[in-house]
Amino acid sequence: MSGHGTPIPMTSRASGALTGTANVPGDKSVSHRSLILGALAVGQTHVTGLLEGQDVLDTAKAMAAFGADVKRLGDGEWTINGVGVGGFAEPEDVIDCGNAGTGVRLIMGAMATSPINATFTGDASLRSRPMGRITEPLALFGAQAVGRAKGLLPLTMVGAQNPMPVRYTSPHPSAQIKSAVLLAGLNVAGDTVLIEKEKTRDHSERMLRGFGADVTTVETDDGFEITLKGQPELKAQTIAVPRDPSSAAFPVCAALIVEGSDILVPNIGLNPTRAGLFTTLVEMGADITFENKREEGGEPVADLRVRASKLTGVEVPPERAPSMIDEYPILSAVAAFASGKTVMRGVKELRVKECDRIDAMARGLEANGVKIEEGDDFLIVHGQDGSVRGGGTCATHLDHRIAMSFLCMGLATQEPVSVDDGGAIMTSFPIFQELMSDLGAQITRNNR
Ligand code: S3P
């Protein structure tokens, strides 16, 4: 497994037209939240379509360590018997969240206002990511965190004995910060208020409401003010997890660049706080149709029909960044095939993801003959008008999206593209290689 095992070098090669249906796995963000809110509810929550990637499995294990009864019934089908708000038990051992920033940050929030202590760690990638952005707002509730210098994991959270409600303006456009604060607010009497300047993914707000919490969002001059009334009784739910638009991005983008491709990607969650990539691709000239639009479990959903397209570079509006923050790596790979340049500004959050994604994409694109320009908070990809050399080996730094982006790119380059380690793909898209091969993609594990 990523960060804990032997690297898995992989290579992709120019492939014939991609065709068929790509059934991508469940949404990672919604899957984490289903388990955490299920664990905080009273009664049995039943989840179908749960993503069984390592990130989510680590959250399931963590919820069991905090006292919930978590059971896998079958493929993607799980039940969680919750302990109720304020009912978390103290874990007997260290909580290892593996590669999952969302997992560790949301769980820290969920336990920070209970009178228990917990120690968190993760793989080398997670241990290098900033936790101060979470522990600072949680300190306002009365929780204390002691980690390594600079607040890195491993870190022990000492939950607040007498938590106070908090009003907090998030300094970063981050759904993880917002969600950690709202989850902490659950076990506090009174209103917890989180203000975000730019709207980030709102799965926590939607799901908290679904479980019966009183959560309101008001747009003000300062941005979006989200208020949660503390100490609700969360009632167990039945949740059908929509398929992940961030995973759909890979077959969608691969089909756009591989000549003659025509694929269907059914049942994709199109929550507007997540769908920025598709808007951008359509602006670039992508032939994507959104068929059978409907609503499922409170989230908008459609089937995506995607045909290979001639793309033109665009300037992505910086305010769109939160709705496609995880998709810049694959957009950068696709932009290499466009005519003209694709300009991505206002993306400095990419520097604190599973790796520094601006740097990782820049280096990998250069290694494959693509000209780029980069700065603290921007990346510009100079499109090669359909003809990209390839031939490079890209360092993935334990980052699943970097690995999948370069493997998709190699399906349309002149020479094969390799990644040094595809192991991290297991964190979010365990069936990636199989699903892509079924469409006709040539992606292989290298023989050692
Ligand atoms: C996530 C939020 C985003 C995203 C991550 C999942 C979530 O992180 O990059 O993959 O589920 O809340 P930030 O909130 O740090 O932007």
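Residues numbered from 1 in each chain as written. Predicted model: local features only at pLDDT ≥ 70, side-chain atom pairs only at ≥ 80, totals over all residues. Heavy atoms only, no water.

### Considerations on the overall build of the protein
Across its full length, the protein carries 12 helices and 24 strands. Relative to the globule expectation of 22 Å for 448 residues, the C-alpha radius of gyration of the protein, 21 Å, shows essentially globular dimensions. Taken over the C-alpha atoms alone, the protein extends approximately 60 × 50 × 45 Å along its principal axes. Among the 448 residues that make up the protein, the fraction classed as buried is 59%. (Helix = DSSP H or I, 4+ residues; strand = E, 2+ residues; numbered from the N terminus. Rg over C-alpha atoms; globule rule 2.2 N^0.38 Å. Buried < 20%, exposed > 50% of the residue type's maximum accessible area, 1.4 Å probe, protein only.)

### Quick word on the pairing of strand β16 (residues 287–296)
Both β16 and strand β17 (residues 299–307) contribute to a ladder of 8 bridges, which runs antiparallel. Pairing of Ile-288 across the sheet is with Val-306, part of β17. In sequence, β16 turns back onto β17 through a hairpin of 2 residues, with Gly-297 there showing a positive phi of about 55 degrees. (Pairing = 2+ DSSP bridges.)

### Quick look at the pattern of salt bridges
One pass over the full model with this rule turns up 33 salt bridges. Its salt-bridge partner being Asp-262, residue Arg-305 comes within 2.8 Å of it at the nearest N-O pair. Pair noted here: Arg-305 is in strand β17 and Asp-262 is in strand β15 (residues 262–269), with a separation of 43 residues, a long-range link. (Salt bridge = Lys/Arg side-chain N within 4 Å of Asp/Glu carboxyl O.)

### Brief notes about the packing of helix α3 (residues 101–111) against helix α5 (residues 175–185)
Running from N to C, α3 and α5 cross one another at 25 degrees; their axes reach a closest spacing of 7 Å. It follows from the interaxial angle that α3 and α5 lie roughly parallel. As α3 runs across α5, the sense of the crossing is right-handed. Contact residues: α3 offers Gly-101, Thr-102, Arg-105, Leu-106, Gly-109 and Ala-110, while α5 offers Gln-176, Ser-179, Ala-180, Leu-183 and Ala-184. Broken down by class, the residue content of the contact of α3 with α5 amounts to 5 nonpolar, 5 polar and 1 charged. (Axes fitted to C-alpha atoms, helices over the stretch in contact; angles between N-to-C directions. Parallel < 35°, antiparallel > 145°, perpendicular 65-115°, else oblique. Left-handed = near helix turned anticlockwise from the far one by under 90°. Contact = heavy atoms within 4.5 Å. Nonpolar A, V, L, I, M, F, W, Y, C, P; charged D, E, K, R; others polar.)

### Some thoughts on the sheet that holds strand β24 (residues 442–445)
Ordered by their spatial adjacency, 4 strands build an open sheet running β22-β23-β1-β24, and the pairing between neighbours is mixed. Either end of the sheet is taken by a strand with one partner, and the two such strands are β22 (393–394) and β24. Inspection of the sheet shows strand β1 (residues 10–13) paired to strand β23 (residues 417–419) by 3 bridges, in the antiparallel sense. Opposite Met-10, over in β23, you have Val-419 as the bridge partner. Together, β1 and β24 form the strand contacts of helix α12 (residues 432–439), whose direction differs from that of β24 by roughly 145 degrees.

### What about the domain arrangement of the protein?
In terms of domains, the protein is made up of domain 1 (10–26 + 242–445) and domain 2 (28–239). One C-alpha centre belongs to domain 1, the other to domain 2, and the line joining them spans 29 Å. In this assembly, 25 residues from domain 1 lie in contact with 26 residues from domain 2. In this structure, the connection of domain 1 to domain 2 is made through 3 salt bridges. The salt bridge involving Glu-354 is made with Arg-129; its shortest N-O contact spans 3.8 Å. The interface formed by domain 1 and domain 2 holds 15 residue pairs in polar contact (both at pLDDT 80 or more) in total. Those elements that provide at least two residues to the side of domain 1 that touches domain 2 are β17 and α11 (400–409). (Domains from an automatic or database assignment. Polar contact = N/O pair within 3.5 Å; in protein donor to acceptor, adjacent residues only side chain to side chain.)

### Some thoughts on helix α7 (residues 245–257)
Because each turn of an α-helix spans 3.6 residues, side chains separated by three or four positions end up pointing in the same direction. For α7, which comprises 13 residues, the first-to-last C-alpha distance of 18 Å matches the rise-based estimate of 18 Å (1.5 Å per residue) to within 8%. Looking at where α7 begins, the residue whose side-chain oxygen comes 2.8 Å from the main-chain nitrogen of Ser-246 is Asp-244. (Expected span 1.5 Å × (residues − 1).)

### Brief notes about unusual backbone geometry
Going from Leu-153 to Pro-154, the amide bond is cis rather than trans, its omega being 0 degrees. Along the polypeptide, Pro-154 turns up in the loop between β8 (144–146) and β9 (155–158). Backbone geometry at Asn-292 places phi at a positive 60 degrees, although glycine is not the residue there. Looking at the secondary structure, you find Asn-292 in strand β16. Owing to a relative accessible area of 51%, Asn-292 belongs among the exposed residues under this scheme.

### Observations regarding the sheet that holds β16
One open sheet holds the 4 strands; their spatial order is β2-β15-β17-β16, and the pairing between them is mixed. Only two strands of the sheet have a single neighbouring strand rather than two, namely β2 (19–21) and β16. Mean inter-strand twist for the sheet, computed between neighbouring axes without regard to direction, equals 20 degrees. By the bridge criterion, 3 bridges tie β2 to β15 in an arrangement that is parallel. Counted as the bridge partner of Thr-21 is Leu-264 from β15.

### Notes on the UniProt feature "active site" (unreviewed entry) in the protein
The positions UniProt marks with the feature "active site" (unreviewed entry) are Asp-326. Considering the arrangement of structural elements, one finds Asp-326 in the loop between β18 (315–316) and α9 (328–335). One polar contact links Asp-326 to Arg-201, side chain to side chain, over a distance of 3.3 Å. (UniProt positions renumbered as here; feature names shortened; annotations may be inferred.)

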